[in-house]
Amino acid sequence: WSLAPARMERPYQRLVPRSTGAPMKVEVLVHEGHSPPGAIPGPVVAKAEARRWFGPPGVRRIRLKEGVVRGSLFLPPGDGPFPGVIDMYGDEGGLVEFRSSLLATRGFAALSLPYFDFEDLPKVMKEFRLEYFEEAARFLQRHPKVKGPGVGVVGTGKGAELALAMITFLPEVVAAVSISGCSSNTVADLHYGKMTLPGLRFDMNKVSVSDAGVFDIFEALDDPANPANSPCTIPIEKAEGHFLLVVGEDDRMWKSSLYAELAIRRLRQHGKENFELLSYPGAGHRIDPPSTPFCHVAMDRVLGVPVLGGGESKAHAHAQEHSWGKILEFLRLHL
């Protein structure tokens, strides 16, 4: 939890492993005496190196071009069959693989699924067709190494929202983990057959900017509880499967605690109790697997500016540690 960027690093960069094949090396040095920030430290008296592996020997990574579906499939060692999980991140786009690889080390066949800004997929989040995600779910469900009958999905941010839409409309998906998600469709319209869920919009007039140039977009998203925005609501009460909602109570990216409350209220109004909520005081927006360095402010790929994610380092690290175990437990139980 105490890892922080060195002063010579560019500010607001998130430390995320680019490759799952090589370990992330963490070198720990102990210097003689105490050095204030910016001073040259004393002589090294001891050092050690830790290596963080994202996939043990035997985990297979298969790059995917299956119809319109793109991504990477990670398979655990052994014959299987294994429970299948689709893994998606948010508005940074591209292919983010490290959580999928970690899921494979825990016995899941995990499909890291990009949905824009990768190979021949759309460059920007303009609109989405749920048929793309349906094809991915069917591919995973039919894979000879996947146990079935249904598959799960884990999503963060925009990926969490897509996970909620998938379990709502796709019978192949029977378990959904929503991390810091919204219970309505946002930003880009979502089409499925003749149905369209319009996206809630961000009002840039409600964005505040600190003296350091950090953008706070917490108040900027249209209010999903406003009846005028009801066409954007994902009708999660139609889902037959199970939900795990994971939120940080200090999420400053958007009001994920409120969105989880709205989702739970909607399910209960329809007589459903097919959900579990993990709500963490002091945790920010992006709750990743354990030991992922905390990032209070990160450059936003869409806006191109530093955006406040919220959270406090120690509490956020606890949320990552605790929620990972609960996510694995939930997926094993329902898959």
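All values reported here derive from a predicted model rather than from experimental measurement.

Engineer: Please explain the sheet that holds strand 11 (residues 195-197) as it appears in this structure.
Structural biologist: Hydrogen bonds between backbone groups are what pair the strands of a sheet, and the pairing can be parallel or antiparallel. Within the open sheet, the three strands sit side by side as 7-10-11. Their pairing is mixed. Two strands lie at the open edges of the sheet, namely strand 7 (127-129) and strand 11, each paired on one side alone. In this sheet, neighbouring strand axes are inclined to one another by 20° on average, regardless of whether the strands run parallel or antiparallel. Here three bridges tie strand 7 to strand 10 (residues 189-192), and the two strands are oriented parallel to one another. Looking at strand 10, one finds that Arg129 is bridged to His191. Running at roughly 25° to strand 10, helix 3 (residues 158-169) makes contact with strand 7, strand 10 and strand 11 of the sheet.

Engineer: Would you mind going over the sheet that holds strand 9 (residues 173-179) with me for this structure?
Structural biologist: One open sheet holds the eight strands; their spatial order is 3-4-6-5-8-9-14-15, and the pairing between them is mixed. Strands with a single pairing partner mark the edges of an open sheet, and in this sheet they are strand 3 (60-66) and strand 15 (275-280). Strand-to-strand twist across the sheet, computed as the mean angle between neighbouring axes with direction ignored, equals 20°. Judged from the four bridges that link them, strand 5 (residues 84-88) and strand 8 (residues 151-156) form a sheet pairing that is parallel. Among the inter-strand pairings, Met88 is bridged to a residue of strand 8, identified as Gly155. Helix-sheet contacts for helix 1 (residues 98-105) involve strand 4 (69-75), strand 5, strand 6 (109-112), strand 8 and strand 9, and the interaxial angle to strand 5 is about 160°. The sheet contacts of helix 4 (residues 256-269) involve strand 14 (242-248) and strand 15, and relative to strand 14 the element is tilted by about 155°.

Engineer: Teacher, can you tell me more about the packing of aromatic side chains here?
Structural biologist: Aromatic rings in a pair are described by how distant their centres are and how their planes are angled relative to each other. Counting across every chain of the model gives nine aromatic pairs. When the ring of Phe54 is compared with that of Phe98, the centres are 6.2 Å apart and the planes differ by 85°; the resulting orientation is edge-to-face. One end of the pair, Phe54, is in the loop between strand 2 (44-52) and strand 3; the other, Phe98, is in helix 1, with 44 residues separating them in the sequence. Each member of the pair, Phe54 as well as Phe98, carries the same accessibility label: buried. Centroid distance Tyr115 to Phe133: 6.0 Å. Interplanar angle 55°. Geometry classified as tilted.

Engineer: When you look at the nonpolar core in this model, what are you seeing that I'm missing?
Structural biologist: A general tendency of soluble globular proteins is for nonpolar side chains to be buried together. Counting residues in hydrophobic clusters, the biggest one holds 50 residues, and the most contacted among them are Ile86, Met88, Leu111, Leu113, Phe133 and Met166. Ignoring anything within four residues of it in the chain, the contact list for Leu113 reads Val69, Arg70, Ile86, Asp87, Met88, Tyr132, Phe133 and Ala136. With 28 residues, the next largest nonpolar core counts Phe54, Leu278, Tyr280 and Leu328 among its residues.

Engineer: Where do I start with the side chain of Asp300 in this structure?
Structural biologist: Locating Asp300 in the fold gives a position in the loop between strand 16 (297-299) and strand 17 (306-308). One buried charge, Asp300, has no salt-bridge partner; the nearest side chain with opposite charge is Arg301, at 7.3 Å. Of note is the side chain of Asp300, whose polar atom sits 2.7 Å from the backbone nitrogen of Leu303. Asp300 has contacts with Asp91, Val305 and Val307, leaving out every residue within four places of it along the chain.

Engineer: What should I look at first to understand the environment of Gly284 in this one?
Structural biologist: Relative to the elements of secondary structure, Gly284 occurs in the loop between strand 15 and strand 16. The contacts of Gly284, once residues within four sequence positions are left out, are Ser180, Gly248, Asp250, Asp251, Gly309, Gly310, Gly311 and His316.

Engineer: Explanation requested: the UniProt feature "domain: BAAT/Acyl-CoA thioester hydrolase C-terminal" (unreviewed entry) in the protein chain in the structure shown.
Structural biologist: The UniProt record marks residues 129-335 with the feature "domain: BAAT/Acyl-CoA thioester hydrolase C-terminal" (unreviewed entry), using the residue numbering of this structure. Across residues 129-335, the secondary structure splits into 29% helix and 21% strand, with the terminal C-alpha atoms separated by 25 Å.

What counts and how
- Residues numbered from 1 in each chain as written.
- Predicted model: local features only at pLDDT ≥ 70, side-chain atom pairs only at ≥ 80, totals over all residues.
- Heavy atoms only, no water.
- Pairing = 2+ DSSP bridges.
- Helix = DSSP H or I, 4+ residues; strand = E, 2+ residues; numbered from the N terminus.
- Axes fitted to C-alpha atoms, helices over the stretch in contact; angles between N-to-C directions.
- Contact = heavy atoms within 4.5 Å.
- Phe/Tyr/Trp six-rings, centres within 6.5 Å; stacked < 30°, edge-to-face > 60°.
- Buried < 20%, exposed > 50% of the residue type's maximum accessible area, 1.4 Å probe, protein only.
- Core = buried A, V, L, I, M, F, W, Y, C linked by side-chain atoms within 4.5 Å.
- Lys, Arg positive; Asp, Glu negative; His and termini not counted.
- Salt bridge = Lys/Arg side-chain N within 4 Å of Asp/Glu carboxyl O.
- Polar contact = N/O pair within 3.5 Å; in protein donor to acceptor, adjacent residues only side chain to side chain.
- UniProt positions renumbered as here; feature names shortened; annotations may be inferred.

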